[in-house]
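Fold and contact review
In case you want the letters, here they are:
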Amino acid sequence: MILEEVRLRNWRGVRGEDGERAARFQPGLNLLVGPNESGKSSLLEAVLRGLLDRHGSRTVDLRRVRPWGSSLAPEVRLVLHAGGQRLRVEKRFLSDPFARVYVERQGRFELTHEGDRADLHLRKLLLEESKRGSAKASHRGIAQALWYLQRDDPLPRQWSDALEEGLASLVGSVLTDPLQDRVLQRLRGELASLFTPTGRIKARSELKGSQDERDALRRELEERRRDIGRAERYREELEGFQRQRGEAEERLRAVREERRQLDLRSAGAPELEEEIARLSRGLEELRGERERGRRRLAELEQAGERLQAAAVELERHEDREAQLRVAVREHRRAAERHARRWEDELQPKLVLVRSEIEDLRTKMRIEQLEAELEAIDRRMARIEQLEAQLAEARQALTVLGPAELDDVQEARRLHERATVLRAQTEAAAIVVEWSLDRDVEVAVDPDDEPTSRSARRLVTRPTALRIDGVGTFHVRSNDQKLETMDQESRRTRERLTVLLERCRAESVEELLERSRQAGELRRRVGELAARLAESLEQGDEPADDGDGARSPSAALATRRRELAAELAALRAAAPQAVLPGMEDWAEERTLDQLRVLEERRQRLEKQIREEREAEQAAQQACLERNEELVAAGQLAAGLRAESGAHRAELERHQSAFGSVSTQRQRQAQLQQEEQRLDESLEERRQTWREQVERPRERQQELARQEAEWVERLRQLDAERADRRARIEEVTGLGLDSRIGDLEGKLAAVEDRCATLERRAEATRLLGELVAFHEADQNASLVEPVRELLDRWLGQLTEERYRGVSLGDDLVPSGVQPSGYDESQPLESVSHGSYEQIAVLLRLALGVLLSSDERQLVVLDDGLVNADATRQQRLLPILEEAAQHCQVIVATCQPSAYAGLDAHTIELEATPRWSPRVLARDAEPGSSSR
Amino acid sequence: MSAGAAPTLRLLLTADWQIGLRAGQLRERAGDLRRERLRAARRTLEVARSSGCELVVVAGDLFDRPDVDADAVDGVVSLFAEFSDIPILVLPGNHDPVCEGDVWGRREWRSAPAHVHLLREAREIELSSLVGGEVAPAALYPCPIGQKQSRLDPTGWIPSRAEGDERLRLGIAHGSLDSMGKATNFPIAHRRAELAGLDFLALGDWHGTTILERAAYPGTPEQCSFGEQGAGSALVVTLRRGAPPQIEQHRVGRFHWVQEEVEVRSASDLQALRHVFDAGGSAPESTIARLRLELAGGDLQLIERSEGLLEQLREELFFLDAALEVLDLSEVEFESPLLAALDASLHALEQGEPVPDALDELRAAPLEVVREARLQLRRWMGAARGELEEAEA
Ligand SMILES: [Mn+2]
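What you see is a predicted model, and the numbers here were worked out from it, not measured in a lab. (Residues numbered from 1 in each chain as written. Chains lettered and ligands numbered in written order. Predicted model: local features only at pLDDT ≥ 70, side-chain atom pairs only at ≥ 80, totals over all residues. Heavy atoms only, no water.)

Each aromatic ring pair is described using two quantities: the centre-to-centre distance and the angle formed by the ring planes. Residue and element names in this part refer to chain B. Here the structure, examined in full by the defined rule, presents ten aromatic pairs over all chains. Between the aromatic rings of Y141 and W157, the centroid separation amounts to 5.9 Å while the plane-to-plane angle is 55°, which identifies the pairing as tilted. Taken together, the positions of Y141 in strand β6 (residues 138-143) and W157 in the loop between β6 and β7 (168-174) put the pair 16 residues apart, joining distant regions of the chain. For W157, a relative accessible area of 29% puts it in the partly exposed group. Between F226 and W257, the ring centres sit 5.1 Å apart and the planes meet at 80°, which makes this aromatic pair edge-to-face. Taken together, the residues span a long stretch of sequence, with F226 in the loop between β12 (215-217) and β13 (233-240) and W257 in strand β15 (residues 256-264) at a distance of 31 residues. (Phe/Tyr/Trp six-rings, centres within 6.5 Å; stacked < 30°, edge-to-face > 60°. Helix = DSSP H or I, 4+ residues; strand = E, 2+ residues; numbered from the N terminus. Buried < 20%, exposed > 50% of the residue type's maximum accessible area, 1.4 Å probe, protein only.)

Structural data, given as C-alpha cells:
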C-alpha cells in the first residue's frame with residue numbers, strides 16, 4: 001500500500017468552518033518539511049487513524065484529536081494504491097462518524113465498503129487482525145515495522161504477528177504453489193475441525209462423537225454384564241443351598257434314626273418307677289422312727305448333763321466355803337500380832353524418848369535464862385552512863401548564853417550588806433589624787449583623818465579639800481546615787497552595832513562563833529537523848545498497856561525479876577542427873593541430840609500408827625470374809641436342793657425310755673437299715689436316669705432338632721425357589737442378546753475410533769511438521785533482510801560496523817564492529833547509532849515487503865541524532881530504498897536533506913488554516929524524479 | 001425294522017447348537033448371526049424328518065450359556081414343538097450343564113413338549129420307555145454334564161454289555177476324545193464304545209464333524225467363529241446290531257467363514273482376491289470374512305483401489321472385517337519443497353532415521369500414525385491435483 005493524498009479537517013490545530021489541510025505524495029521518496037507545530041505529525045497520525053481506527057471509536061486518545069475546546073468532528077480523506085487498485089478512504093470520527101472506501105473503476109470512484117466493513121477492509125491493508133486502533137505500535141500491523149513515528153521506540157521487543165505473516169506471505173508469494181496451498185489449506189481445515197486452539201479434540205468432531213459413543217457403550221456393557229452377573233451369583237448361591245440341603249437331609253435322617261432307637265430302649269420304665277416309689281415310702285418310715293429315737297436320747301442326755309452340772313457347781317461352792325473359813329482365821333491372827341507389837345514394844349520406847357527430850361529442853365531453857373539475865377544487867381549500866389552525859393551537855397548549853405538564831409542571821413545579813421555597799425561606793429567614787437610640791441596639809445571635809453602632801457583619796461560625797469596656802473577644792477560626784485549608797489552604808493553599820501550590843505558580842509565574828517558552838521551542843525544533847533531512848537527500848541516489849549507510869553527502865557527491872565524467878569524454879573525442879581551435864585554444855589551438841597531424839601520419837605509414833613492401822617485392817621478383813629462365808633453357805637444349800645431335783649428327773653426319764661446305751665444301740669440299728677434302703681433306692685434311680693430320664697431328654701432334644709432341620713429344609717427350598725425365580729427374572733430381560741449386540745456395536749465403534757484417532761493424530765503430526773518446516777523457511781527469510789541491513793550499515797558507518805546480529809524474529813540483538821569476532825550488545829552502541837540501525841532495519845523491511853507491491857515507509861524525524869556526515873551518507877540509502885518502496889521522511893530541518901532527490905512537501909509554520917496546500921508539485925504523477 | 005431281524009435304529013445326531021451365542025466379533029451383525037443359528041437348527045430337524053429318523057439326539061451344548069435369554073429358549077422350544085413327530089433327546093453339555101439354577105429348570109424349558117426328553121441322569125434307559133413300543137430294543141447310556149469343567153471321563157460309568165444282551169446299546173456324551181493326547185475338558189476314552197460294548201457313541205463338543213468307527217461328532221450346525229474347521233453339518237446314523245454304524249453327513253449350515261491375509265502389490269492381486277469370493281463355495285451374502293490387506297510399495301491409486309474393493313465386499317458380504325495396512329509407500333514427486341520436506345521428515349520418522357532436533361519429540365508417534373500421515377499427505381495432494389486439473393479444464 002502506498003499513499004497518494006491525505007486531507008484532514010478539524011484535526012488538532014487544523015480547525016474552522018472551511019479549515020482543511022492536505023498533502024500529496026509521490027510513489028518514491030517524499031520529504032515532508034515544516035517547522036515545529038506545523039502539523040507534520042498530525043498529518044501522519046491522520047493517515048494511521050484513517051487506516052486503523054474504527055470510525056465509531058470514542059477513545060480518550062481520539063477525542064483529543066478534536067480541535068482544542070471544540071466539539072468538531074475530525075475527518076480524514078485518503079487516496080491510496082493497494083492491491084493494484086486506487087482507493088479513496090473517507091472517515092469521520094466522534095460526531096456522525098462514518099467510514100467509506102471507494103475503488104476507482106474506469107476513472108470513477110465507486111463506494112465498495114462502508115461502516116464496520118470499511119474499517120475491517122482498511123485494517124487488512126496493513127494485515128492487522130485486532131480491532132484495537134492505532135494507539136499502540138504493536139496493533140498497527142505491518143505499519144509497526146514500516147512507520148517510525150516520534151513517540152515510538154526505535155525497536156520493539158518483538159514484531160507483531162502481522163509482520164511475520166506479511167513476511168511469510170511474501171515468501172509464500174515468492175515460492176507460491178497452488179498444489180501446496182490447497183494441501184496446506186486442507187490440512188488447516190482438518191486441524192481446525194479436529195482440534196481446539198489448545199490442541200484438544202473438538203467437542204463436535206466426529207472423533208469426539210465416536211469416543212463418546214464408545215464410552216457410553218462401554219458403560220452400558222459393563223452395566224449389563226453386571227446385571228447378568230447376578231444370575232451367576234444366584235447360581236452360586238443355589239449351589240450353596242443345595243449343599244446345605246444335602247447336609248440338612250443327612251442330619252435329619254440321623255436324628256430320626258436315633259429317636260427310633262431311644263423309643264425301643266425306654267420300654268421298661270413303668271415297673272422301675274413303681275419300685276422306686278415303694279422303696280421311697282419304706283425309707284420315709286424308717287427315717288421317722290429314727291428321728292423320734294434321736295429326740296428321746298437327746299432328752300436323756302440333757303437330764304444327765306444338767307445333774308452333772310449341778311454337782312460340779314455344788315462342789316465348787318463347798319471348796320469356796322473352806323477357803324473362806326481359813327481366811328477368817330488368818331486375818332484374826334494377824335490383828336492380834338499387830339496389837340502386840342505396838343502396845344508391848346513400841347509404846348514404852350516412845351515414853352522413854354519423850355522424857356529424854358523433856359530433860360534436854362529444860363537444860364536449854366536454864367541456859368537461855370542465865371544469858372538473858374546477864375544482858376539485862378549490861379543494859380541497865382549503859383543507860384545510867386548516858387543519862388549522866390546528857391545532863392552535862394544540857395548544862396553547857398545554858399552557859400553559852402542566849403543568842404537568838406534570828407539575831408545571828410540579821411547580823412550576818414547586815415554585815416554582808418555593809419560590805420557590798422562599801423565595795424559599790426568605792427567603785428563609783430571619784431578618785432582624787434594629788435601630790436603637792438610642798439609638804440602642805442590638805443584638809444578634806446568631811447574627813448576623818450588628816451592628809452599628807454601627797455595622797456590618794458576616794459570621794460564618795462561632796463568633799464572639800466582645803467590645801468593650806470592654796471585654797472579649798474570642792475569635789476563631788478555628779479551622780480546622786482553615790483551619795484545615797486554612802487548614806488545607806490552608814491545606816492547599815494549603825495544597825496549592826498546595835499545588834500551586836502544586844503547580843504553582847506564584840507564583833508560579828510564572835511557572834512557567829514558563839515552561834516556555831518551552841519548548835520553543836522544542841523546536836524550533842526539530841527544525840528545523847530536518842531541513844532538513851534534507844535537503850536531503854538532495846539529488848540523490851542513496848543509498853544502497850546498505856547500505863548505511863550511504867551518507864552522503860554522500870555520495865556527492864558520487872559523483866560529481870562521475872563526471869564530470875566523462872567530460873568530459880570527450873571533449877572529447883574530439874575533433876576540432879578541432868579544438871580551435872582551442865583559443865584560440858586554445848587548448845588550445838590544439845591541441838592543435835594534433840595534432833596536425833598525427835599526423829600526417833602517420830603519414827604516410833606509412825607510405827608505405832610502403822611501397826612494400829614494393820615491391826616484394824618486385819619480385823620476388817622476378818623469381818624468381811626466371815627460375811628462371805630455365811631453367804632456361801634446359803635448358796636451351797638440351794639445347789640444341793642437343785643441337784644436333788646435333777647437326779648429325780650433323770651430317774652424319771654430312765655424309767656420311761658430305758659437307759660442311754662439302750663437307746664444308742666437302737667439308733668445304730670436304724671441307721672444301718674436306712675443306709676441299706678437308701679443305697680437300694682439310689683441304685684434304682686440311677687437305672688431310671690440312664691434308662692428313662694436321659695433318653696427322654698434326648699428325645700426332646702432330638703424332636704427339637706428334627707423340627708429345626710425340617711424348618712431349615714423348608715427355608716432352603718424357599719431360598720432355592722426364590723433364586724430360581726430371580727434367575728428367570730434376569731434371563732427374562734434379554735440381557736444376553738443385548739450384551740451380544742453391545743459387544744458387536746462396541747467393537748465396531750472401537751474400530752472407528754481407532755481409525756479416526758489415527759487420522760487425527762496423523763493430521764496433528766502433519767500440522768506440527770508443517771509448522772516446523774514453515775518456521776524453517778521463515779528463518780531463511782531473515783537472510784535477505786540481514787544482507788541489506790549489513791550492507792547499508794557498513795555504508796553508513798564507513799565499515800565501522802560490518803553487520804547486525806538479527807534473530808529469526810527479525811529483532812536485532814547486537815552489532816558486529818569491524819575487526820572483532822564477537823558481536824557487541826545493541827544497548828552498548830550510541831543512541832544515534834541505535835536509532836540509525838532502527839531506521840535502516842525498517843527501510844530494509846520496507847524494501848523486502850515491497851517486492852510484490854510497493855509499501856509505505858514513514859520516518860518522522862527519525863534521524864535527529866545523526867551527525868552531518870552520517871546524515872549525508874544516509875541520503876543515497878534513502879534514495880536506494882525509495883526505488884522499491886514509498887518513503888515519507890518528515891523533518892523540520894530541510895537543510896539536512898539538501899541535495900536529496902525527493903519530492904518535497906512544505907507545511908507552513910502557522911497552525912492557522914491556509915486554504916491552499918503548499919506543495920511544490922500540485923499534481924500527482926508529475927514527480928520531480 | 002422287522003421282527004427276528006437284527007434291531008435297527010435310525011437317528012439324527014446333532015450337537016453344539018450354541019443357541020444364544022453372542023457373536024460380538026460380527027459387530028453390527030451379531031444379532032443377525034444369533035437368529036441365523038436357530039435357522040440352522042431348523043434345517044437340522046428338517047434333515048431328520050426328510051431322512052426318516054426315528055430319533056433326534058442333541059449331544060450337548062444346545063445352549064451357549066446357562067443365562068441365555070428366555071426368548072432364545074422359547075425359540076428352541078417352539079422349534080421342537082414343530083417337530084413333535086420325532087422324539088428328541090437332549091443331553092446337557094458343558095455350556096448348559098445340569099445344576100442348580102440351570103437353563104433346564106427354567107419356566108421356558110419346562111414348557112417343552114412331551115416328545116423332548118432331557119437326559120439329566122447317568123443311568124441306563126430303555127429307549128422304548130421314552131419313545132413308545134414302536135422302536136428297536138435299545139438301551140441308552142446318557143452321560144450328562146453337571147459342571148463346566150471336569151477331568152473325569154463322563155462315560156466312565158457305562159457298564160459293559162452283559163452276556164446275552166442283544167439290545168442296541170447307545171452311548172450319548174459330551175466331551176473331548178482323549179486320543180488327542182492333550183489335557184482336555186471332560187476327556188472321553190477314545191475306545192469307550194469298544195470297551196463298554198456300545199453299538200455307537202454319540203458325541204458332542206467338537207464343532208467340526210468327526211466320524212470314527214463307532215463314534216462320531218456331528219459338529220455345530222452353524223460355524224461359531226473364525227478358525228473353526230468342518231462345521232455346518234448334521235449326521236444321520238443308522239445302527240444295526242452286529243454291524244458297523246452307517247453315517248451320512250448333511251450340510252445344514254448357511255455361512256462360509258473366510259479369513260485371508262493378502263499381500264497386495266498390484267491390481268492383479270486385487271482381482272485374485274475378488275475371485276476368491278466370486279468363485280467361493282457360497283453366495284457372498286452368506287459369507288463372513290476377515291481380510292488383512294498389506295500394501296507394499298503401493299501408490300495412491302492402488303491404495304484407493306484396494307479401499308474400493310473392500311468397500312464393495314463390505315456391501316456384498318454378510319459381514320466383512322477388513323484391515324488395510326500400507327507397509328511402504330512408493331516415492332512421489334513433490335513440486336513444493338515444503339511438501340517434499342514434510343514427506344521426507346515423515347519418511348525419516350517411519351524408518352527411525354535421524355530428524356532435526358526440533359522434531360525429536362515426534363519420534364514417539366506410533367508407526368501407524370506416521371504411515372497414516374504419509375498416506376493423508378498423498379491423498380490430499382492427489383485430491384488437490386484433481387481439483388486443479390478440474391479447474392483448468
Ligand atoms: Mn462343548
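Residue and element names in this part refer to chain B. Read from one edge of the open sheet, three strands run β15-β16-β17, paired in parallel fashion. Both edges of this open sheet fall to β15 and β17 (319-329), since each of them pairs with a single strand only. With strand direction ignored, the average angle separating the axes of adjacent strands in the sheet is 5°. Bridging between β15 and strand β16 (residues 287-298) involves nine bridges; their strand directions are parallel. By the bridge assignment, V258 is partnered in β16 with A289. (Pairing = 2+ DSSP bridges. Axes fitted to C-alpha atoms, helices over the stretch in contact; angles between N-to-C directions.)

Residue and element names in this part refer to chain A. Despite not being glycine, L94 shows a phi value in the positive range, around 75°. Note on placement: L94 falls in the loop between β5 (85-92) and β6 (98-105). Classification of L94 by relative accessible area gives buried; the value is 7%. Its identity as a non-glycine residue notwithstanding, D96 has a phi of 45°, on the positive side.

Let us look at the interface of chain A and chain B. Across the contact, 50 residues belong to chain A and 50 residues belong to chain B. Of the roughly 4,500 Å² buried between chain A and chain B on both sides combined, carbon and sulfur atoms contribute 63%. For the chain A face of the interface with chain B, the top three residues by lost area are L179, E728 and D736 of chain A, together amounting to 15%. For R182 of chain A, the salt bridge is made with E387 of chain B, and the minimal N-O distance between the two is 2.9 Å. The tally of links between chain A and chain B comes to 20 residue pairs in polar contact (both at pLDDT 80 or more). (Contact = heavy atoms within 4.5 Å. Buried area = accessible area lost by both parts, 1.4 Å probe. Salt bridge = Lys/Arg side-chain N within 4 Å of Asp/Glu carboxyl O. Polar contact = N/O pair within 3.5 Å; in protein donor to acceptor, adjacent residues only side chain to side chain.)

Residue and element names in this part refer to chain B. In this structure, D61 (OD), N94 (OD1), H174 (NE2) and D205 (OD) serve as the protein donors to the manganese ion, at separations of 1.9 to 2.5 Å. Positions of the donor residues of the manganese ion, expressed as sequence spacing, correspond to D-x32-N-x79-H-x30-D. Taken together, the residues span a long stretch of sequence, with D61 in the loop between β2 (55-59) and α2 (70-82) and N94 in the loop between β3 (88-91) and α3 (107-110) at a distance of 33 residues. The exposure class assigned to D61 is buried, which follows from its relative accessible area of 1%. The class of N94 is buried, set by a relative accessible area of 14%. (Donors = N, O, S within 2.8 Å, 3.2 Å for Na, K, Ca; no water.)

A separate point is the pairing of strand β1 (residues 8-14) of chain B. Residue and element names in this part refer to chain B. Of all the seven residues making up β1, six are buried; the element is thus mostly covered by neighbouring parts of the structure. Where β1 and β13 come together, six bridges link them in antiparallel fashion. Bridge pairing in β13 links L12 to V236. By the bridge criterion, four bridges tie β1 to β2 in an arrangement that is parallel. If you follow L13 over to β2, its bridge partner there is V57. You can see the chain leave β1, run along helix α1 (residues 30-50) and come back into β2, and the turn it takes is right-handed. (Right-handed = clockwise from strand over helix to strand, strands pointing away.)

Below, the discussion takes up the environment of S134 of chain A. Residue and element names in this part refer to chain A. Along the chain, S134 turns up in the loop between α3 (116-125) and α4 (143-146). Among the residues examined, S134 registers a relative accessible area of 6% and is labelled buried. Taking the C-alpha atoms as reference, S134 lies 6.0 Å from R49; in sequence the two are 85 residues apart. With sequence-adjacent residues up to four places away left out, S134 is seen in contact with L48, R49, L52, D53 and R140.

It is worth spelling out the packing of helix α15 (residues 735-797) of chain A against helix α8 (residues 337-351) of chain B at this point. Two numbers describe a pair of packed helices, the interaxial angle and the distance between the axes. The N-to-C vectors of α15 of chain A and α8 of chain B enclose an angle of 125°; their axes lie 10 Å apart at closest approach. By the angle between their directions, the pair α15 of chain A and α8 of chain B is classed as oblique. In the crossing of α15 of chain A with α8 of chain B, the sense of the turn from one axis to the other is right-handed. Here L765, L766, L769, V770, H773, E774 and Q777 of chain A of α15 of chain A come into contact with α8 of chain B, specifically with L338, A341, L342, S345, L346 and L349 of chain B. (Parallel < 35°, antiparallel > 145°, perpendicular 65-115°, else oblique. Left-handed = near helix turned anticlockwise from the far one by under 90°.)

Turning our eyes to something else, we now look at the confidence of the model for chain B. The predicted model of chain B has a mean per-residue pLDDT of 90, with 97% of residues at 70 or higher. Confidence metrics for the complex model read pTM 0.54 and ipTM 0.91. (pLDDT = per-residue confidence, 0-100.)

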